[in-house]
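Structural characterization, general
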Amino acid sequence: MASSPIDFPVTYFKSHDGLDLAYREMGEGRPVVLIHGLFSNGWVNWIRYGHARLLADAGYRVIMPDLRGHGTSAAPHDAAFYPPDVLAEDGETLVRHLGLTDYDLGGYSLGGRTVLRMLVRGARPRKAILSGMGLEGVVDPNKRRDFFRHVLTGLGRHTRGSGAWMAEAFLKTTGGDPLAMLPLLDTFVATSRAQIEEIAPPTLVLSGIEDHDNGSSADLTALLPHGELVEIAGNHMTAVLQPALGRAIVEFLSQD
């Protein structure tokens with residue numbers, strides 16, 4: 001596992017509204033953009049547990065942004081900086097900034113939902129990865145939005161061992177800013193079943209076999225025209241720690 005985020009220099013680009021947003025890179029070769037989950041950041045989600053290294057060793061240039069409000073990206077508290085679908089727009093801005101025309105695109109949890117929104121809005125990667133995401137999490141994100149609003153408005157008061165307590169503990173480990181996270185929750189946008197059925201790129205749906213936080217991964221896969229479901233050990237919090245997650249991404253991207 002990677003020891004520290006300081007070992008991986010951060011590069012910044014300007015968002016459409018002028019915010020300084022960060023990304024890290026590892027490796028050389030075919031570009032793959034990987035987007036992290038809520039309360040996380042690019043280093044924690046992709047580098048810390050070895051997934052980026054597996055991809056880099058397989059010949060990929062791994063590009064890992066920190067979403068606005070997260071990591072070393074700008075984290076304003078003003079709700080004006082968090083309009084609906086802004087995370088997808090930031091992802092599109094990064095792709096344009098880097099001049100990527102032939103690339104792959106993936107994300108975990110909120111990152112997976114963001115990738116799906118980018119696809120619906122016109123992004124055309126060669127292949128896509130939706131990890132830690134199920135059908136309910138994309139067609140009706142309100143349940144997860146409400147859960148995380150409960151987490152953020154009740155900090156320090158959650159029952160030890162509960163889902164909210166565990167989410168708060170994770171937020172503390174990543175040093176996330178609750179005052180930036182709250183308005184960010186209002187950026188979530190629902191995607192219709194009809195829109196999912198029109199997604200063109202081959203898409204890997206990759207989730208822990210015990211992960212039901214965002215609904216059914218199998219149901220999401222069934223709607224995708226070129227969907228492939230892979231399940232690994234773990235739940236929503238633990239599957240991302242498994243080397244099997246990185247290996248599954250490498251295998252999927254390496255297939256003709």
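This brings us to helix 7 (residues 163–174). Under the 1.5 Å per step criterion, the end-to-end length of helix 7 is 17 Å for 12 residues, consistent within 8% with the ideal 16 Å. If you follow the buried residues of helix 7, they end up packed against helix 1 (42–47), helix 6 (142–153) and helix 8 (178–184). Of the residues one or two after helix 7, Gly175 is the one with positive phi, at around 70°.

Counted as a void, the largest pocket has a volume near 650 Å³. For the largest pocket, the lining is made up of 30 residues, of which Ala167, Phe170, Asp213, His236 and Met237 are closest to its centre. When contributions to the lining of the largest pocket are tallied by element, the ones reaching two or more residues are helix 1, helix 4 (110–120), helix 6 and helix 7. Tallying contributions element by element places helix 7 first for the lining of the largest pocket, with six residues. Across the lining of the largest pocket, the residue classes break down as 17 nonpolar, nine polar and four charged.

As a further point, take the packing of helix 3 (residues 86–97) against helix 4. Interaxial distance between helix 3 and helix 4 falls to 8 Å at its minimum, and their mutual angle equals 70°. As far as their axial angle goes, helix 4 and helix 3 are roughly perpendicular. Contact residues: helix 3 offers Leu87, Ala88, Gly91, Glu92 and Val95, while helix 4 offers Leu110, Thr114, Arg117 and Met118. Partitioning the contact of helix 3 with helix 4 into residue classes produces five nonpolar, two polar and two charged.

So, about the sheet that holds strand 8 (residues 227–232). Neighbouring strands of a sheet are bound in pairs by backbone hydrogen bonds; such pairs are parallel or else antiparallel. With mixed pairing, the eight strands of this open sheet are ordered in space as 1-2-4-3-5-6-7-8. Among the strands making up the open sheet, the edge pair consists of strand 1 (11–14) and strand 8. Shown here is a sheet whose adjacent strand axes are inclined to one another by a mean of 25°, direction ignored. In this sheet, strand 4 (residues 60–65) lies alongside strand 3 (residues 30–35) in parallel orientation, the contact comprising four bridges. When the sheet's bridge partners are listed, Pro31 is paired in strand 4 with Arg61.

What follows concerns the packing of aromatic side chains. Across all of its chains, the model carries three aromatic pairs by this definition. Between Phe13 and Tyr23, the ring centres sit 6.1 Å apart and the planes meet at 55°, which makes this aromatic pair tilted. Note that Phe13 is positioned in strand 1 and Tyr23 in strand 2 (residues 20–26), a separation of 10 residues in sequence. A single burial state applies to Phe13 and to Tyr23, both of which are buried. An angle of 70° between the planes, with centres 5.3 Å apart, marks the rings of Phe39 and Phe148 as edge-to-face.

We now examine the nonpolar core. Residues Leu38, Phe39, Ile196 and Leu220 are the most contacted members of the largest nonpolar core, which totals 48 residues. Residues contacting Leu38, with those up to four places away along its chain left out, are His70, Leu110, Phe148, Phe170, Met181, Leu184 and Leu185. Counting residues in hydrophobic clusters, the runner-up holds 27 residues, among them Phe8, Leu34, Leu204 and Ile249.

What counts, and at which threshold
Note on numbering: residues in each chain are counted from 1, in written sequence order. Given that this is a predicted model, residues contribute local features only at a pLDDT of at least 70 and side-chain atom pairs are listed and counted only at 80 or more, while totals for whole chains, interfaces and linings are drawn from all residues. To get the side-chain values, all heavy atoms of the structure are used, and hydrogens and water are removed first. Numbering goes from the N terminus for both helices and strands, where a helix is a DSSP run of H or I of at least four residues and a strand is a run of E of at least two. Expected helix span is given by 1.5 Å per residue-to-residue step, counting one fewer step than there are residues. Contacts are residue-level and defined by heavy atoms, with any inter-residue pair within 4.5 Å sufficient. Put simply, the grid is 1 Å and covers the protein atoms alone, a cavity is a trapped set of points that fit a 1.4 Å probe, a pocket is an open set with protein on both sides within 12 Å along at least five of seven lines, and lining residues have an atom within 4 Å of a point. Grid points are joined across faces, edges and corners, and a volume is the space filled by probe spheres set on the points. Side-chain classes follow a simple rule in which Ala, Val, Leu, Ile, Met, Phe, Trp, Tyr, Cys and Pro form the nonpolar group, Asp, Glu, Lys and Arg form the charged group, and the remainder, Gly included, forms the polar group. The angle between two axes is taken between their N-to-C directions and runs from 0 to 180 degrees, where each axis is a line fitted to C-alpha atoms and a helix contributes only its stretch in contact. An angle below 35 degrees is read as roughly parallel, one above 145 as roughly antiparallel, one from 65 to 115 as roughly perpendicular, and any other as oblique. In this scheme, strands are said to pair when DSSP sees at least two bridges between them. Aromatic pairs are defined between Phe, Tyr and Trp rings, using the six-membered ring for Trp, whenever the two ring centres lie within 6.5 Å; interplanar angles under 30 degrees are classed as stacked, those over 60 as edge-to-face, and all others as tilted. Burial status follows relative accessibility: with a 1.4 Å probe on protein chains alone, a residue under 20% of its type maximum counts as buried, one over 50% as exposed, and anything between as partly exposed. Among buried residues, those of type Ala, Val, Leu, Ile, Met, Phe, Trp, Tyr and Cys that are joined through side-chain atoms within 4.5 Å constitute a nonpolar core.

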